[in-house]
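The residues making up each chain are set out below.
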Amino acid sequence: MKSVTGFVYSNSPLRYLQYFKDGAWQPSVLSDNNQLTLSEAATALHYGQQCFEGLKAYRAADGTINLFRPDQNAQRMQASCARLLMPSLTVDAFIAACVQVVHANESLVPAYGTGASLYIRALMLGIGDTLAVKAADEYVFCIFVCPVGSYFEDGITAVSFCTTNFDRAAPVGTGAAKAGGNYAASLLPNKQALGQGFKDCIYLDPQTHTKIEEVGAANFFGITHHNEFVTPKSASILPSITKYSLLYLAEHVLGLAVAERDCFIDNLDEFKEAGACGTAAVITPIKSILHEDKLHQFKHSNEHPIGELTQKLYTLLTGIQFGDINPPQGWIVKVEQVPQAL
Ligand code: PLP
Ligand code: COI
């Protein structure tokens, strides 16, 4: 297998397709065709009635394959679907579908020790013929997989971000749902940040533009000088499964104080370390943040350019995902132990 780097699409042999018609889910198929055929009147195309999920399959040292907290992705997809008036799968059906696709493309799961993994992308689209702004009558649920490496930078490398004046979501909009429209809104600010030499932009809260919300397509965390793990609390950020896992590990394994609370962009001095976290981003340490005309540099010592606690959290999280460290109850689902169909 050639080495896997970056976060790029590749056409894997088989994907899961299931249609919702006449008020019910139809039997699923594994298809070798990576093209979807949709009506020109699909609500996903006109009105953005769609949402998606992302999780990963990890090769363990003994060759088995781990899924990390797929029940959480299943529940978040149910919440996104409910917000966008779409039907959803049960948690068990979602996990069985992920397992089926991973099994079907098993040889693509990168080898243990490479740091790469198999990204699992699930999506739900409103399809059929609908002209008015209303929920579709028909839907397609699809899962495809791609071997991936790092999203921002290889391994655990600190990178820099800048804030943007644009919002990705409204205060009581769809920010907490994994809706494609939020990402369409992020394309221009992302391009601007890249153009200025940053990895991505940081979104501030849409109401006051004073508090950190998201780091591109990842959540934010900071570690204070008193070793408190802090992450923003807001109704318009995506509830990151990685973030909630880190909150748990920081408190219960590292014994840190933890808080979900406001993180003011003008008070970055309260943090000695900061990072972006997410399935794709894993843990990406933040080197600096440009806000207006002020560049805030996080001060790590030369011996620990990454930040000691950020490094510990990274080792813990990835150790659990790749099966080297015992997980909290229920966090790892072994692909080999789940029936592929309900
Ligand atoms: N925030 C946004 C906007 C995202 O797209 C993602 C990716 O899923 C995250 C945060 C991180 O969420 P998770 O840890 O569940 O992948
Ligand atoms: C993920 O981390 O799974 C995401 O969905 C981020 C992606 C939009 C790049």
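Above this text is the structure in question.
Residues numbered from 1 in each chain as written. Chains lettered and ligands numbered in written order. Predicted model: local features only at pLDDT ≥ 70, side-chain atom pairs only at ≥ 80, totals over all residues. Heavy atoms only, no water.

Visitor: Lay out the pattern of salt bridges with the relevant residues and their values.
Guide: By the definition in use, this model includes 7 salt bridges. Between glutamate 106 and arginine 59 there is a salt bridge, and its shortest N-O distance comes to 2.9 Å. Here arginine 59 lies in strand β4 (residues 50–59) and glutamate 106 lies in the loop between α3 (91–104) and β6 (117–127), a separation of 47 residues in the sequence. By relative accessible area, which is 12% here, arginine 59 ends up buried. The closest approach of N and O atoms between arginine 168 and glutamate 214, which form a salt bridge, is 3.6 Å. With a gap of 46 residues between them, arginine 168 in the loop between β8 (159–163) and α4 (180–184) and glutamate 214 in strand β10 (residues 212–215) connect regions that are remote in the sequence. Summarising the burial analysis for this pair, arginine 168 and glutamate 214 share the class buried. Where salt bridges share partners, they join Glu228, Arg261 and Glu270 into one cluster. (Salt bridge = Lys/Arg side-chain N within 4 Å of Asp/Glu carboxyl O. Helix = DSSP H or I, 4+ residues; strand = E, 2+ residues; numbered from the N terminus. Buried < 20%, exposed > 50% of the residue type's maximum accessible area, 1.4 Å probe, protein only.)

Visitor: Can you lay out the site of ligand 2 for me, pointing to particular residues and giving the numbers?
Guide: Inspection of the region around ligand 2 gives Phe7, Phe52, Gly54, Tyr119, Arg121, Tyr151, Lys178, Tyr183, Ala217, Thr279 and Ala280 as its neighbouring residues. For ligand 2, an oxygen atom lies 2.7 Å from a polar atom in the side chain of lysine 178. In the model, an oxygen atom of ligand 2 is placed 3.5 Å from a nitrogen or oxygen of the threonine 279 main chain. When ligand 2 is considered free in solution it has 280 Å² of accessible area, and contact with the protein chains removes 90% of it. Of all the secondary-structure elements, those providing two or more residues to the shell around ligand 2 are β4 and β6. Broken down by class, the residue content of the shell around ligand 2 amounts to 7 nonpolar, 2 polar and 2 charged. (Near = heavy atom within 4 Å. Polar contact = N/O pair within 3.5 Å; in protein donor to acceptor, adjacent residues only side chain to side chain. Areas by Shrake-Rupley, 256 points an atom, 1.4 Å probe, with all protein chains shown as cover. Nonpolar A, V, L, I, M, F, W, Y, C, P; charged D, E, K, R; others polar.)

Visitor: Lay out the pairing of β10 in plain terms, naming residues and giving numbers.
Guide: Note: strand β9 (residues 201–204) against β10, 3 bridges, orientation antiparallel. Its bridge partner being in β10, leucine 204 is matched across the sheet by isoleucine 212. Strand direction decides the pairing type here: β10 and strand β11 (residues 218–224), joined by 2 bridges, are antiparallel. Counted as the bridge partner of valine 215 is alanine 218 from β11. (Pairing = 2+ DSSP bridges.)

Visitor: So what's going on with the packing of helix α2 (residues 70–83) against α3? Residues and values would help.
Guide: One way to put it is that α2 packs onto α3 with a least axis distance of 9 Å and a crossing angle of 120°. As judged from the angle between their axes, α2 and α3 are oblique. Crossing angle aside, the handedness with which α2 passes α3 is right-handed. Counted together, Pro70, Asp71, Asn73, Ala74, Gln75, Met77 and Gln78 of α2 and Val91, Phe94 and Ile95 of α3 form the full contact between these two elements. Classifying every residue of the contact of α2 with α3 by side-chain character gives 6 nonpolar, 3 polar and 1 charged. (Axes fitted to C-alpha atoms, helices over the stretch in contact; angles between N-to-C directions. Parallel < 35°, antiparallel > 145°, perpendicular 65-115°, else oblique. Left-handed = near helix turned anticlockwise from the far one by under 90°. Contact = heavy atoms within 4.5 Å.)

Visitor: Report on the site of ligand 1, specifying residues and quantitative values.
Guide: In the region of ligand 1, 16 residues are neighbours, and Arg76, Tyr183, Ser240, Thr242 and Thr279 sit closest. Between ligand 1 and the protein, one listed contact pairs an oxygen atom with a side-chain N or O atom of serine 240 at 2.6 Å. In the model, an oxygen atom of ligand 1 is placed 2.5 Å from a nitrogen or oxygen of the threonine 242 side chain. Bound to the protein, ligand 1 loses 96% of the 380 Å² it would expose on its own.

Visitor: Before we move on, can you summarise the nonpolar core with the specific residues and values?
Guide: With 35 residues, the main nonpolar core has Leu67, Phe94, Val102, Ile120, Met124, Phe141 and Ile143 as its most contacted residues. Among the elements of the structure, β1 (15–21), β4, β5 (65–68), α2, α3, β6 and β7 (138–148) are those that each provide at least two residues to this core. In terms of residue count, α3 provides more of this core than any other element does, 8 residues in total. With residues near it in sequence (within four places) discarded, valine 102 still touches Ala57, Ile65, Leu67, Val109, Leu118, Ile120 and Val335. (Core = buried A, V, L, I, M, F, W, Y, C linked by side-chain atoms within 4.5 Å.)

By themselves, these figures tell us nothing about what the structure is for.
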